[in-house]
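# Descriptive analysis of the structure
Single-letter residue listing:
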Amino acid sequence: MSLRLKTIIGVAAIEAILLLLLVTMTLDYLRTTNYEGINKRAQTTATLFATTAKDAVLSYDLASLESFVQEVLKNPDLIYARVLGPQQQVFASAGDNAALNRPFIADGEVEAVHDGIFDTYAEIREGGVVYGRVELGLDIHLLRGTIEEAERRSVMIAALEMGLVALFSLILGTYLTRQLQVLTRAAKKISSGELDIQIPVKGRDEVADVAMAFNAMALNLKEASQRRDQYELALQELNRSLEDRVQKRTRQLEEKNHELERANAEIKNAQARLLQSEKMASIGVLAAGVAHEINNPLGFVMSNLATLDHYVVNYRTLIQEYETLSALESDEARQAQREKIALLRDEYDLEFMNEDLDELLKDTHEGSVRVREIVKGLKAFSHVDQSEERQWADINECIETTLKVANNELKYHCEVETDLGDIPQVNCMPGHIKQVILNMLLNAGHAIKERGLIRVETLQQGAHVAIRIRDNGCGIAEDEMSKLFDPFFTTKEVGEGTGLGLAISYGIIVEDHGGEIQVESQLGEGTCFTLLLPVEPQNQSEPLN
């Protein structure tokens, strides 16, 4: 769509909207004013007529009423008039017979009239009693004809004005587009590379100003193009000298990158060895107790197996005697064999063997499961989990597994209470989390010199799962709190700790999992470590290997 057509359509549309609003408001005002005048005139005429006819109605003076009706019909706009008595009987009437003979229906608004006659009435009252009423009909054809004529003239005036506006828009659009065409042709020449161009300037209006600005722009572009050509030659020369330096610098960066990758791999291997060393140190602390934990169930498993072996021999002997009994044919021999079997049953106490057999098997199974769980826990902690990835894990299950491993180290001088809440699974590295929990439990056990209590609880705090490990041990001095997570710092005696447990725990919880470790301690009263783990991973850094 051309600018000229847009200008014509735009101006015409604006003019049409304004004219439509003006004509609509004017005609609406004309109709409202005239209709209200007709309504008020009808009400006033009917009221005046009712007042005039009241005495004649009260006295049943029909001659006067006929005179009043004829008098009121002298009003040129009235079609009919009549006076009704209290029983709706007609006392007097005059005017158009067709209007008088139709049923009377009073009109409330002039707009609602469809037959061209505005019907109205007024009651004749005296002392609050209605004695009749007068009915009138006003002709509104002339009024409607006047309004319709006004509408036609308004439409004609609007159409004429729209035509004049469209003509003016056409002239203006033609003038503007002619100048824009000149600018367009010149712009196309510039875009094709022809910068030595000037367009003629006519007049002193805004279009002439645009033409002068265009000529200035073309001149500036020409000068800029010449400077650009000079810069390009200089850049080409500079690029040739830079290529060699870039290639040399790239080789240096690649070598540095390879060195950084090797250093990073060495750091990761060192971290893995450090974590594994701390794990093995923790397991070394537990080793004697774990051996005792394994020996106890193994002892009664072996004892039960010996008893079961004795029972098996007895059962085999009885089975053999029963087979002998089934092979005998004489009654005397069979009776003697039955007596022998009865003696063996009494000797072996078969009833006791049968009852004891279930208990032996049950105890043996429980002992085997206990040994398996202890070995499974040790294997989980001793495993070098370099390739462990995040997975959804039950923190309560991690705590229970860790407590099984640490049980023998703690049970002789600590009572362990657990309050594991209803918490969601956490996206984490469960092997690393178990290592942190084990470190915390062992530290709590070492802080308790004689008998004490360790309480482990879990709960959900917003988007985090909290693990709270509290002991009533010796506590931590205030001046040592700030150094707790420093590598190689320990409050234990020389040879009893590496000083890496809390540092590694900090790296696992805070750096690897985006969590938090909170410490509360009172010297001589105990310590509480709170581990906050986000349910969804927040820190996507490489795991501590």
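Rules behind the numbers
- Position labels on residues start from 1 in each chain and follow its written sequence.
- Selection of residues for local features in this predicted model requires a pLDDT of at least 70, selection of side-chain atom pairs for listing and counting requires 80 or more, and totals for whole chains, interfaces and linings are taken over all residues.
- Heavy atoms from the whole structure form the basis of all side-chain values; hydrogens and water molecules are not counted.
- We count a stretch as a helix when DSSP gives it H or I for four or more residues in a row; a strand needs E for two or more, and each element gets its number in order from the N terminus.
- The span expected for a helix works out to 1.5 Å for each residue beyond the first.
- Throughout, exposure labels follow a simple rule: accessible area from a 1.4 Å probe, protein chains only, divided by the maximum for the residue type, with under 20% read as buried, over 50% as exposed, and the rest as partly exposed.
- At least two DSSP bridges between two strands are required for those strands to pair.
- Fitting a line to C-alpha atoms yields each axis, with helices limited to the stretch in contact; the angle taken between N-to-C directions then spans 0 to 180 degrees.
- Note on contacts: a residue pair qualifies if any of its non-hydrogen atoms lie within 4.5 Å across the two residues.
- A residue's pLDDT is the confidence the predictor assigns to it, expressed on a 0 to 100 scale.
- A residue's bend is simply the angle between two axes: one fitted to the seven residues ending at it, one to the seven starting at it.
- By the criterion applied in these results, polar contacts are pairs of N or O atoms within 3.5 Å in which, for protein atoms, one can donate a hydrogen and the other can accept it, and in which residues neighboring in sequence qualify only through two side-chain atoms.

## Structural notes on helix H9 (residues 430-447)
Compared with the 26 Å implied by 1.5 Å per residue over 18 residues, the 26 Å span of H9 between its first and last C-alpha is a close match. Summarising burial for H9: 16 of the 18 residues are buried, a large majority.

## Section: the pairing of strand E2 (residues 90-95)
Here strand E1 (residues 78-84) pairs with E2 via five bridges, running antiparallel. Bridge assignment links Tyr-80 to a residue of E2, and that residue is Gly-95. The turn linking E1 back onto E2 is made up of five residues, and Gln-88 within it adopts a positive phi angle of 65°.

## Topic: the sheet that holds E2
Pairing within the open sheet is antiparallel, and its four strands lie in the order E2-E1-E4-E3. Because the sheet does not close on itself, it has two edges, and the strands there are E2 and strand E3 (117-126). With direction set aside, neighbouring strand axes in the sheet form an average angle of 10°. When E1 meets strand E4 (residues 129-139), the two strands line up antiparallel, connected through six bridges. Opposite Leu-84, over in E4, you have Arg-133 as the bridge partner. Across the sheet, helix H2 (residues 62-72) is in contact with E1 and E2; its angle to E2 comes to roughly 25°.

## Here's the deal with the confidence of the model for the protein chain
Looking at the protein chain as a whole, its pLDDT mean stands at 79, while 82% of the residues score no less than 70. Scored below 50 in pLDDT, residues 539-545 makes 27 contacts in the model with residues more than four places away or belonging to other chains.

## A word on helix H8 (residues 395-410)
In H8, a bend of some 40° at Lys-404 exceeds every other bend along the element. Turning to H8, its buried residues number three or more, namely Ile-395, Asn-396, Cys-398, Ile-399, Thr-402, Leu-403, Val-405, Ala-406, Asn-408 and Leu-410. Two to three positions downstream of the cap, the backbone nitrogen of Asn-396 sits 3.0 Å from a side-chain oxygen, assigning the N-cap of H8 to Asp-394.

## Section: the environment of Asn-215
Along the chain, Asn-215 falls in helix H5 (residues 206-327). With a relative accessible area of 10%, Asn-215 lands in the buried category. In this structure the C-alpha to C-alpha distance between Asn-215 and Ala-186, which are 29 residues apart in sequence, comes to 9.5 Å. The residues touching Asn-215, leaving out its near neighbours within four places in the chain, are Gln-198, Ile-199 and Val-201.

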